[in-house]
Amino acid sequence: MHISRLALDRFRSWHQCVLDLDPGVNVLQGRNGLGKTNIVEAVEVLSTGGSHRASSSLPLIERGQTSAVVRANVEDGARTTTYEITIASRGANRGRVNGGASVYMRDIVGRVPCVTFTPEDQRMVAGDPATRRGFLDQAGVLLSPGYAALTQTFSKIGRQRATLLKQLGDRNASGPDGVGATMRDAALSGLEIWTGQFIEAGVELTKRRQSVVERLAGPFARIYAELAGDTEQAALRYDPSFDEVLAFDEPGPHISQHFQRIYPGEVARGVNLIGPQRDDLALELNGMAAREYASNGEMWTMALALKMALFETVAQDTDVTPIVILDDVFAQLDEYRRNQIMEFAAGQPQVLITVAAAGDMPELPGANVIDVASLVGGDADETAVAEDSGRVADDADARAREVRSAGAGVERSDERSAGAEVERSVIERSGEGRAA
Ligand SMILES: Nc1ncnc2c1ncn2[C@@H]1O[C@H](COP(=O)(O)OP(=O)(O)OP(=O)(O)O)[C@@H](O)[C@H]1O
């Protein structure tokens, strides 16, 4: 599987951009700040519904705009499929396949798997649990069908429950009176219902994550040993907040009792004190917590092994080899580490590399080198648009090319003009939350 054409509208710094990609190695080359990472980030979002450098949709949308669109023509054997996602500042993110019916974006993600390697990957070992949860969620989307929908449901329930906890805390602070007591009773019975739903969705999410970690743990330990030498032993373990799920066949009643014990604390702070939003991954080296024990180099190797384990597991479990993204790894990593990555990436069906200076790049014979500066701007003819939709583009800032997603795929304006598709899919939003 590989992406043959990628089109971005209003995605981060790109107002419009279309680029053709080859199977094998593609190098996106251009000076700092040109938008190279933004391009590969769009692929990551299409693939996993999330980005390693944004925790919400908003930063992904061009400043001042209300939505961004990413489209990709994906080649698989003789078949071309066009995937499109619309990221909205308000309302649900949407998706379409081959210009068909609008669906939730969460129903599209996972179909074009990619694994991204960045110099910041080391943070998965040394950083805070949220970074590791981000990785776990991306792995879940790629390895566990329906995972994105489950995390969305869980987040929604979590927000509702936290709102009730805050309300109860406010009432406690202002002291009970006649009206306050009635409202407090209503909030309490609401809390009981939301707690039940929170436990149900949380247990399901915990089980999914447990299964994902179990699948990654073996390859991770093996790959680490291969990279670092057999004497070092790395291990990956899931450290769930609902640890009752690991201990009991029927964890629900035990978690419920746990919630009763922590009720005063939750009301005082107005937050959900336990649940998958507090999960972590334990990364160990020779039986010790890697965060406190491993050297910088060892942490890097662990992060690399973790990403490679994800790549290998996705390829085996889904029969689709993920696209490999190497974002900025050449400028920021030493030669030994660059070589480790390149050895792994060489020969994969598609590799996207970003690089600022040509001198930072190793010899890559046969690579498709894309000058990113040539995608920025464009002359007046290139910004011409949309005749058949009756829309005349008056977008003086249009910096690149008009694109269109339809059954026939993502097309340049010089192949077929259009534009109304983008607006249409934005309109087809439901009132749901903004995550994937
Ligand atoms: N939502 C947004 N709207 C508009 N511009 C944005 C948005 N998010 C990021 N940018 C801009 O995108 C640019 C950074 O793009 P990107 O990180 O892709 O650069 P790069 O080419 O990878 O650079 P480097 O080589 O330094 O890593 C910055 O100028 C930033 O201000």
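Keep in mind it's a predicted model, so treat the numbers as computed, not measured.

Regarding its fold elements, the chain presents twelve helices and 16 strands. Evaluated residue by residue, the chain yields a buried proportion of 53% over its 436 residues. In the chain, once contacts between residues fewer than 6 apart in sequence are set aside, the share between residues at least 24 apart is 71%.

Looking now at the UniProt feature "binding site: ATP" (unreviewed entry) in the chain. Cross-referencing UniProt, the feature "binding site: ATP" (unreviewed entry) maps to Gly30, Arg31, Asn32, Gly33, Leu34, Gly35, Lys36 and Thr37 in the present numbering. Note that Gly30 resides in the loop between strand E3 (24–29) and helix H1 (36–48). Aside from chain neighbours lying at most four places away, what touches Gly30 is Lys36, Val355 and Ala356. Tracing the backbone shows Gly33 in the loop between E3 and H1.

Turning to the pairing of strand E13 (residues 350–355), a few remarks are in order. Burial runs high along E13: six of the six residues are buried. Of the two faces of E13, both are covered, the one formed by Gln350, Leu352 and Thr354 as well as the one formed by Val351, Ile353 and Val355. Across four bridges, the pairing between strand E12 (residues 323–327) and E13 is parallel. Looking across to E13, one finds that Leu326 is bridged to Ile353.

Let us now look at the pairing of strand E14 (residues 368–371). What you see with E14 is a clean split: Asn368 and Ile370 sit on the buried side and Val369 and Asp371 on the side with no burial. When E3 meets E14, the two strands line up parallel, connected through four bridges. Bridged to Val27 within E14 is Val369.

Turning our attention to the packing of aromatic side chains. Counting across every chain of the model gives six aromatic pairs. Ring geometry for Phe311 versus Phe344: centroids 4.9 Å apart, planes at 80 degrees, classification edge-to-face. Within this pair, whereas Phe311 is found in helix H9 (residues 296–318), its partner Phe344 is found in helix H11 (residues 335–345), the two being separated by 33 residues in sequence. An identical accessibility class is assigned to Phe311 and Phe344; each is buried. Here the aromatic residues Phe154, Phe198, Phe242 and Phe259 are joined through ring pairs into a cluster of three or more. Sitting over the face of the ring of Tyr104, Arg94 holds its NZ or CZ atom 4.8 Å from the ring centroid. Taking the ring centre of Tyr104 as reference, the NZ or CZ of Arg106 above it sits at 4.0 Å.

Glancing now at the nonpolar core. Counting residues in hydrophobic clusters, the biggest one holds 56 residues, and the most contacted among them are Ile3, Leu6, Leu8, Phe11, Leu19, Ile39 and Ile87. Ranked by the residues each element gives to this core, the list is headed by H1, at six residues. With sequence-adjacent residues up to four places away left out, Leu6 is seen in contact with Cys17, Val18, Leu19, Leu21, Ile39, Val43, Val70, Arg71 and Ala72. Core analysis: the second largest hydrophobic core is formed by 51 residues, Val125, Phe220, Met308 and Met342 among them.

Moving on: the environment of Thr37. Relative to the helices and strands, Thr37 is located in helix H1. A relative accessible area of 15% places Thr37 in the buried class. Measuring from C-alpha to C-alpha, the distance between Thr37 and Thr354 comes to 6.8 Å, with 317 residues separating the pair along the chain. Excluding its chain neighbours within four sequence positions, the residues that come into contact with Thr37 are Arg53, Asp327 and Thr354.

What follows deals with the environment of Met342. Looking at the secondary structure, you find Met342 in helix H11. Note: C-alpha distance between Met342 and Val329 (13 residues apart in sequence) is 9.8 Å. Contacts of Met342, omitting those with residues within four sequence positions, involve Leu326, Phe330, Ile353, Pro362 and Leu364.

Strand order in the open sheet formed by six strands is E2-E1-E4-E5-E6-E7, with antiparallel pairing between adjacent strands. Since the sheet does not close on itself, it has two edges, and those belong to strand E2 (14–20) and strand E7 (103–104), each with one partner. Summarising the sheet, strand E5 (residues 79–88) and strand E6 (residues 94–97) pair through four bridges and their orientation is antiparallel. Bridging across to E6, Glu84 finds its partner in Arg96.

Surveying the vicinity of the ligand reveals 16 residues, the closest of which are Gly33, Lys36, Thr37, Asn38 and Ile61. Here an oxygen atom of the ligand sits 2.8 Å away from a polar atom, N or O, in the main chain of Gly33. A per-class count over the shell around the ligand returns three nonpolar, six polar and seven charged.

What counts as what
- Residues numbered from 1 in each chain as written.
- Predicted model: local features only at pLDDT ≥ 70, side-chain atom pairs only at ≥ 80, totals over all residues.
- Heavy atoms only, no water.
- Helix = DSSP H or I, 4+ residues; strand = E, 2+ residues; numbered from the N terminus.
- Buried < 20%, exposed > 50% of the residue type's maximum accessible area, 1.4 Å probe, protein only.
- Contact = heavy atoms within 4.5 Å.
- UniProt positions renumbered as here; feature names shortened; annotations may be inferred.
- Pairing = 2+ DSSP bridges.
- Phe/Tyr/Trp six-rings, centres within 6.5 Å; stacked < 30°, edge-to-face > 60°.
- Lys NZ or Arg CZ within 6 Å of the ring centre and 35° of its normal.
- Core = buried A, V, L, I, M, F, W, Y, C linked by side-chain atoms within 4.5 Å.
- Near = heavy atom within 4 Å.
- Polar contact = N/O pair within 3.5 Å; in protein donor to acceptor, adjacent residues only side chain to side chain.
- Nonpolar A, V, L, I, M, F, W, Y, C, P; charged D, E, K, R; others polar.

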